[in-house]
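What follows is the residue order along each chain.
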Amino acid sequence: MYSYSASLTPYFCALQALFLIANFSIFKSLLNPAVLNACVWFIFPFIHLTLNHNLIPISDFASFIIFSSSIVFTLGVITAKKIHSPNPAKPMQPSKNLISFFGGVSALCVVPYYLRARELASHGTTGSFMVDLRISLNNPNFNESFGLLAYAGPISFAAFFLTIANESIRIRSWLFFGTLVLAVFYAGISTGRTFIFMLLITSVSLLYFRRPQYFTVKLVVFAVVLLAGIFWIVGTLMGKLGDGNISSAEVIHVYLLGGLSAFSSSLENLSNYTYGSNSFRIFFAVAGRIGFDVPITDLVKGYAYIPYPTNVYTVFMPYIEDFGVLYLLISLGLISFFIGLLYYNAINGHTRSAVMYSLFCYAILTQWFQDQFASLATTWIIFFLLVSASLIRLKR
């Protein structure tokens, strides 16, 4: 069924457990990016190794890459900590007026967004609105999209995150409730779990930095249970939780662990490099928009069979496809250094860094699934601009 060796994977998993303990001993915080990263790369390979499933195993080479990337990621965060200057944050917070403006813009787009979604879904054949919409949006031969309305989702998310970041806005206020409802609407109609997970993970992380009185063990447990519930509900609505050929348990195995198996399998079949078409996709996309004839890589990848079909390959594969393993490690080192700077600014009270780091917590915690660093570059830029535009200096 597979041709590679997986005999050393248990030992790499044990090393990863020790590395997680070492990271927590060094950084003393579960919200530190190095600790979060080490958690991800211990938990999911451990589940893959110990759970009874039919997926192909993680190869020794893949395990080596996972462990090496964890070391590099931690070194990037340590470097950020060493050079970070702990200057006190300037007293800034998001403007209520701009939060209301962002919320108003996304509210005005609700009806046209929904109507456009209905129009896109009408081209499907399954009879399910959510399934047909997802098929239409992911079909490379169907040249239709939300157009400018697509920006309403990130704007609604930014409004809600900024509401959390503004400590003067009460949790029970109409502004808080209204921006939450709008963000949930756009996350729900996105047809996938990506934006739902982003909404929940970022919100919980941001509470830690801006409203620590609400960040409790109960909240974290509730968030984990809610994520599992959302995973199940959306999967049911999308018709992905089992049919006559595959059981619900097998579908869950594929979703939780399939990326690791697909990554291992694809390493064995890697032939030619794609020379930046994945990690620099944003520049190819911009060049294509202004008239250059350049190939633009699809964000939705082709399927691998493990033996069930899956099209997610963890965070690693796009970078390895571009220039190889060394490029992956260099990229993750630079990414972790940048995220580390955001984290240390955030814990020193910098509002912009707190919001942006909370967003990157989502990217860190979903690495086992797919890359969200370079792949969502446009989204990160939009959030950065919206957050930066909203900040105002407080009077001392």
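Quick note: structure is the one above.
This one's a predicted model, so the numbers in the text were calculated from it and none came from an experiment.

About the criteria used
- Residues numbered from 1 in each chain as written.
- Predicted model: local features only at pLDDT ≥ 70, side-chain atom pairs only at ≥ 80, totals over all residues.
- Heavy atoms only, no water.
- Core = buried A, V, L, I, M, F, W, Y, C linked by side-chain atoms within 4.5 Å.
- Buried < 20%, exposed > 50% of the residue type's maximum accessible area, 1.4 Å probe, protein only.
- Contact = heavy atoms within 4.5 Å.
- Salt bridge = Lys/Arg side-chain N within 4 Å of Asp/Glu carboxyl O.
- Helix = DSSP H or I, 4+ residues; strand = E, 2+ residues; numbered from the N terminus.
- Phe/Tyr/Trp six-rings, centres within 6.5 Å; stacked < 30°, edge-to-face > 60°.

**A word on the nonpolar core**
Here is step 1: Phe161, Phe316, Phe373, Trp380 and Phe383 are the most contacted members of the largest nonpolar core, which has 92 residues in total.
Here is step 2: Excluding residues that lie within four positions of it along the chain, Phe383 makes contacts with Pro154, Phe157, Ala158, Phe161, Met198, Met356 and Leu359.
Here is step 3: Counting 10 residues, the second-largest nonpolar core is a separate cluster that includes Ala117, Leu120, Ala152 and Ile189.

**What to know about the pattern of salt bridges**
Here is step 1: Overall, the coordinates contain two salt bridges when judged by the stated rule.
Here is step 2: A salt bridge links Arg116 to Glu119, with the shortest nitrogen-to-oxygen separation between them at 3.1 Å. Taken together, the residues span about one helical turn, with Arg116 and Glu119 both in helix 5 (residues 110–121) at a distance of three residues.
Here is step 3: Look at Glu119 and you get partly exposed, because its relative accessible area is 43%.
Here is step 4: Across the salt bridge formed by Glu167 and Arg210, the nearest N and O atoms sit 3.4 Å from each other.

**With respect to unusual backbone geometry**
Here is step 1: Put simply, Ile306 and Pro307 share a cis peptide bond, and its omega is 5 degrees.
Here is step 2: By the element assignment, Pro307 lies in the loop between strand 2 (304–305) and strand 3 (309–310).
Here is step 3: In this model, Tyr275 sits at a positive phi of 50 degrees, which is unusual for a non-glycine residue.
Here is step 4: The class of Tyr275 is exposed, set by a relative accessible area of 55%.
Here is step 5: Within the chain, Thr314 stands out as a residue other than glycine whose phi angle is a positive 65 degrees.
Here is step 6: Its place among the elements puts Thr314 in the loop between strand 3 and helix 13 (316–323).
Here is step 7: A relative accessible area of 1% places Thr314 in the buried class.

**Structural notes on the environment of Ile320**
Here is step 1: Tracing the backbone through its elements, the reader meets Ile320 in helix 13.
Here is step 2: Through-space distance from the C-alpha of Ile320 to that of Gly276 is 9.8 Å; in sequence the pair is 44 residues apart.
Here is step 3: The residues touching Ile320, leaving out its near neighbours within four places in the chain, are Ile65, Phe263, Leu267, Leu270, Tyr273, Val325 and Leu328.

**Remarks on the packing of aromatic side chains**
Here is step 1: The tally for this structure, following the rule as stated, stands at 32 aromatic pairs.
Here is step 2: Here Phe12 and Phe64 contribute two aromatic rings whose centre-to-centre distance is 6.5 Å and whose plane-to-plane angle is 70 degrees, an arrangement assigned as edge-to-face. In this pair, Phe12 is assigned in helix 1 (residues 9–27) and Phe64 in helix 3 (residues 60–83), connecting sequence segments 52 residues apart.
Here is step 3: Measuring from ring centre to ring centre gives 6.2 Å for Phe161 and Phe383, while their planes differ by 50 degrees; the resulting arrangement is tilted. On the criterion of sequence distance, the pair formed by Phe161 in helix 7 (residues 152–165) and Phe383 in helix 16 (residues 377–390) is long-range, its members being 222 residues apart. Each member of the pair, Phe161 as well as Phe383, is classed as buried.
Here is step 4: Among the aromatic side chains, those forming a connected cluster through ring pairs are Phe157, Phe160, Phe161, Phe176, Phe195 and Phe383.

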